[in-house]
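Working through the structure, step by step
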Amino acid sequence: SAKAFLLAIAIFDDLGAILIIALFYSTAPTLSALVLVSLCVLLLLLLNRLNISAIMPYMLVGALLCFALHHAGIHTTIAGVMVGMAIPMRHKHNNHHSFSPINRCMQAMHPYVSFIILPLFAFTSAGVNLDGIKFANILEPLPLGVILGLFIGKQVGIFGTTWVLIKMRIFKKIQGVSWVQIYGISVMAGIGFTMSIFINKLAFASVTMQVLATIGIICGSVLSALWGFVVLRYLNEASVRR
């Protein structure tokens, strides 16, 4: 249950980042491109409503949607979300999970994403040139703000919101998951990499600022990973023994 909660947080965190990119890091759209985007979205909805199980139609419309979004001045990452939401969960003739169109798509793409796309992204985007960077630079406002956002902000935001929603009885507490585990998961959510670095590249034109922000992302992620490990491995065990 704790792993499922962490996975859900990670998914919605990335979706939120994608929406921020689409809303705040896009240029003024052209009317013709917006019309094409709308047509692509309608096609995806139609394919979904017709319960088309073949993946290729979604991929073709998705490629056209990427082209339309790019020319509309909207960041193309939103296309992946739209296509993923359109592909049906269940096959129209067989409800077994092995026949699920979205599962088949994920399994087919997994090796390429895990072993080609993500490593290439990490290789091209995560490199930090430390020439001229001193340890004191970590305490400058930009990297310090990123560190505090990832390490403190995620804890306060996720744990605080979860606590308030459960205490207000809007949601029920996850069965079998302790408050210490929920806190540890909130800490682990501060491990930022792909979307954090992606937004960093879009947000800052200056290479120096990009480097400082990337250092902040790495430091915040390391702190979150270490403290999250301590909470889930040791503090959680201590609370269970009590």
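Residues numbered from 1 in each chain as written. Predicted model: local features only at pLDDT ≥ 70, side-chain atom pairs only at ≥ 80, totals over all residues. Heavy atoms only, no water.

**Some remarks on the overall build of the protein chain**
Within the protein chain, the regular secondary structure consists of nine helices and zero strands. Each helix (α) and strand (β) of the protein chain, taken in turn from the N terminus, gives the series α-α-α-α-α-α-α-α-α. Seen along its three principal axes, the alpha-carbon backbone of the protein chain occupies a region of about 55 × 50 × 35 Å. In the protein chain, which comprises 242 residues, the proportion classed as buried is 30%. The long-range fraction of contacts in the protein chain, counting pairs at least 24 apart against all pairs at least 6 apart in sequence, stands at 73%. Element-wise, carbon and sulfur atoms account for 72% of the exposed surface of the protein chain, whose accessible area totals about 15,100 Å². In the protein chain, 15 side chains carry a positive charge and 5 a negative one; their mean positions are 19 Å apart. (Helix = DSSP H or I, 4+ residues; strand = E, 2+ residues; numbered from the N terminus. Buried < 20%, exposed > 50% of the residue type's maximum accessible area, 1.4 Å probe, protein only. Contact = heavy atoms within 4.5 Å. Areas by Shrake-Rupley, 256 points an atom, 1.4 Å probe, with all protein chains shown as cover. Lys, Arg positive; Asp, Glu negative; His and termini not counted. Charge placed at Lys NZ, Arg CZ, Asp CG, Glu CD.)

**Details of the side chain of K154**
As for its placement among the helices and strands, K154 is situated in helix α6 (residues 141-167). Exposure remark for K154: the relative accessible area of 18% places this residue in the buried category.

**What about the packing of aromatic side chains?**
Evaluation of the coordinates by the stated rule reveals three aromatic pairs. Plain terms: the ring middles of F159 and W179 are 5.8 Å apart, the flat faces sit at 75° to each other, and that makes the pair edge-to-face. Placement of F159 in helix α6 and of W179 in helix α7 (residues 179-188) is noted, with a sequence separation of 20 residues between them. For F159, a relative accessible area of 23% gives the class partly exposed. On the basis of an interplanar angle of 85° and a centroid distance of 6.0 Å, the ring pair of F229 and Y234 is categorised as edge-to-face. An aromatic cluster is present here, built from F159, W179 and Y183 joined pairwise through their rings. Residue placement shows R233 over the ring face of Y234; its charged tip is 5.4 Å from the ring centre. (Phe/Tyr/Trp six-rings, centres within 6.5 Å; stacked < 30°, edge-to-face > 60°. Lys NZ or Arg CZ within 6 Å of the ring centre and 35° of its normal.)

**What about α6?**
The largest bend in α6 comes to about 40°, at G153. All of the buried residues along α6 are P143, I147, L150, F151, K154, Q155, I158, T162 and I166. Just beyond α6, the residue with positive phi is R169, at close to 65°. (Bend = angle between axes of the 7 residues up to and from the residue.)

**A closer look at the nonpolar core**
Soluble globular proteins: nonpolar side chains tend toward being buried together. In terms of nonpolar packing, the biggest core is built from 27 residues, with V37, L44, Y58, L65, L69, I87 and M195 touching the most fellow members. Listed by contribution, the elements that provide at least two residues to this core are α1 (2-24), α2 (31-49), α3 (56-72), α4 (77-86), α5 (101-125) and α8 (194-203). No other element matches the six residues that α3 contributes to this core. Setting aside chain neighbours within four positions, we find L65 in contact with V37, C40, V41, L44, A79 and M82. With seven residues, the next largest nonpolar core counts F5, I9, I182 and I185 among its residues. (Core = buried A, V, L, I, M, F, W, Y, C linked by side-chain atoms within 4.5 Å.)

**Focus on unusual backbone geometry**
In this model, N51 sits at a positive phi of 55°, which is unusual for a non-glycine residue. The topology assignment puts N51 in the loop between α2 and α3. A positive phi angle, close to 65°, is found at R169, a residue other than glycine. Within the secondary structure, R169 sits in the loop between α6 and α7.

**Let's talk about the packing of α1 against α7**
Orientation of α1 relative to α7, taken along the N-to-C sense of each, is 35°, at an axis distance of 10 Å. At the point where α1 passes α7, the crossing takes the right-handed sense. Within the contact between the two elements, α1 uses A2, F5, L6 and I9 and α7 uses I182, I185 and M188. The residue inventory of the contact of α1 with α7, partitioned by class, reads seven nonpolar, no polar and no charged. (Axes fitted to C-alpha atoms, helices over the stretch in contact; angles between N-to-C directions. Left-handed = near helix turned anticlockwise from the far one by under 90°. Nonpolar A, V, L, I, M, F, W, Y, C, P; charged D, E, K, R; others polar.)

**Focus: the environment of D13**
With respect to the secondary-structure elements, D13 resides in helix α1. Within polar-contact distance, the side chain of D13 engages the side chain of K154 at 3.4 Å. (Polar contact = N/O pair within 3.5 Å; in protein donor to acceptor, adjacent residues only side chain to side chain.)

**Overview of the pattern of salt bridges**
If you walk through the whole model with that rule in mind, you get one salt bridge. D13 serves as the salt-bridge partner of K154, at 3.4 Å between the closest nitrogen and oxygen. Residue K154 is located in helix α6, and its partner D13 is located in helix α1; the two are separated by 141 residues in the primary sequence. (Salt bridge = Lys/Arg side-chain N within 4 Å of Asp/Glu carboxyl O.)

**Observations regarding the state of the cysteines**
For the coordinates displayed, the defined rule picks out zero disulfides. No disulfide involves C105; its sulfur sits 13 Å from that of C66, the nearest cysteine. (Disulfide = S-S within 2.5 Å.)

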